[in-house]
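Tertiary structure, described
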Amino acid sequence: LTTPHVQNEQSMQKEVYISRYINLLLVSFLNLLNGWTCFSIAPISEVAMKTLGIQPESVVVLFLIANVCASFILPPVLGRLGLRRTILLGSLLLMLGNMIKSSTSNAIAAWRVLTGFFISGLSGPFYHQTAPYLMSTWFPKHERVIVNRIIMHGNQIGIGCSFVFGTLLVSE
């Protein structure tokens, strides 16, 4: 994710960089995975309460609290690491959090699920809130509205996927 070498807005409109659209799809996909992770326990709430002994609402609240905490540290991280490394850090946190919560043993399952959701929650702002920066530096003005919609709707599609696939993949 390096900024295309563009002198001004007019030359950005004439040059087509395929990497812009590939990175747009990657950030949108990360937003989809983030939304999916956040609400992945909601459609299976009864199973989660029975097997893990935790309230699904508390897991989502924990995820969102972590998201807010990470929002406060994002500006200095983005300034220090740059756009590419910041998004990579966010995707690493999302992967790590999902690995932790997925590799549960019965003895400490609840703690692993809570820890995994917290780490996954920390990841969201690293690619969700960097979207405006990506749009303003990579896309000309006439494309920014559609780019914004693509990035932001990825999260909503992920939330929908959590309800569809969560109920299909889990059985009591």
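Coordinates for the structure precede this section.
Quick summary incoming for the structure in this document. (Residues numbered from 1 in each chain as written. Predicted model: local features only at pLDDT ≥ 70, side-chain atom pairs only at ≥ 80, totals over all residues. Heavy atoms only, no water.)

1. Remarks on the overall build of the protein
- Summing up its helical and strand segments, the protein has eight helices and zero strands in all.
- Counting helices and strands in the order they occur from the N terminus, the protein gives α-α-α-α-α-α-α-α.
- For the protein, the share of sequence-separated contacts (at least 6 apart) that also reach a separation of at least 24 residues comes to 75%. (Helix = DSSP H or I, 4+ residues; strand = E, 2+ residues; numbered from the N terminus. Contact = heavy atoms within 4.5 Å.)

2. Let's talk about helix α5 (residues 109–123)
- For α5, which comprises 15 residues, the first-to-last C-alpha distance of 21 Å matches the rise-based estimate of 21 Å (1.5 Å per residue) to within 8%.
- Here α5 has its buried residues at Ala 109, Val 113, Gly 116, Phe 117, Ile 119, Ser 120, Gly 121 and Ser 123.
- Those residues of α5 hidden inside the fold are in contact with α2 (18–38), α3 (45–52), α4 (56–102) and α6 (125–128). (Expected span 1.5 Å × (residues − 1). Buried < 20%, exposed > 50% of the residue type's maximum accessible area, 1.4 Å probe, protein only.)

3. What to know about the nonpolar core
- If you look at the biggest cluster of nonpolar residues, it comprises 14 residues, and the most contacted ones within it are Ile 87, Leu 134, Val 147 and Ile 151.
- Contributions of two or more residues to this core are made by α2, α4, α7 (131–138) and α8 (144–169).
- A total of four residues in this core trace back to one element, the largest contributor, which is α7.
- The residues touching Leu 134, leaving out its near neighbours within four places in the chain, are Val 27, Leu 83, Phe 139 and Ile 151. (Core = buried A, V, L, I, M, F, W, Y, C linked by side-chain atoms within 4.5 Å.)

4. As for the side chain of Ser 120
- Inspection of the secondary structure puts Ser 120 in helix α5.
- When residues no more than four places from it in sequence are discounted, the contact partners of Ser 120 are Asn 34, Thr 37, Phe 63, Leu 93, Leu 94, Gly 97 and Asn 98.

5. Re the packing of aromatic side chains
- Here the structure, examined in full by the defined rule, presents three aromatic pairs.
- Aromatic pair Tyr 21 and Phe 139: ring centres 5.6 Å apart, planes at 65°, arrangement edge-to-face. On the criterion of sequence distance, the pair formed by Tyr 21 in helix α2 and Phe 139 in the loop between α7 and α8 is long-range, its members being 118 residues apart.
- On the accessibility criterion, Phe 139 (0% relative accessible area) is buried.
- For the pair Phe 63 and Phe 117, a centre-to-centre distance of 6.4 Å together with 75° between the ring planes defines the contact as edge-to-face. Remark: Phe 117 occurs in helix α5 and Phe 63 occurs in helix α4; sequence separation between them is 54 residues. Note on accessibility: Phe 63 and Phe 117 belong to one class, buried. (Phe/Tyr/Trp six-rings, centres within 6.5 Å; stacked < 30°, edge-to-face > 60°.)

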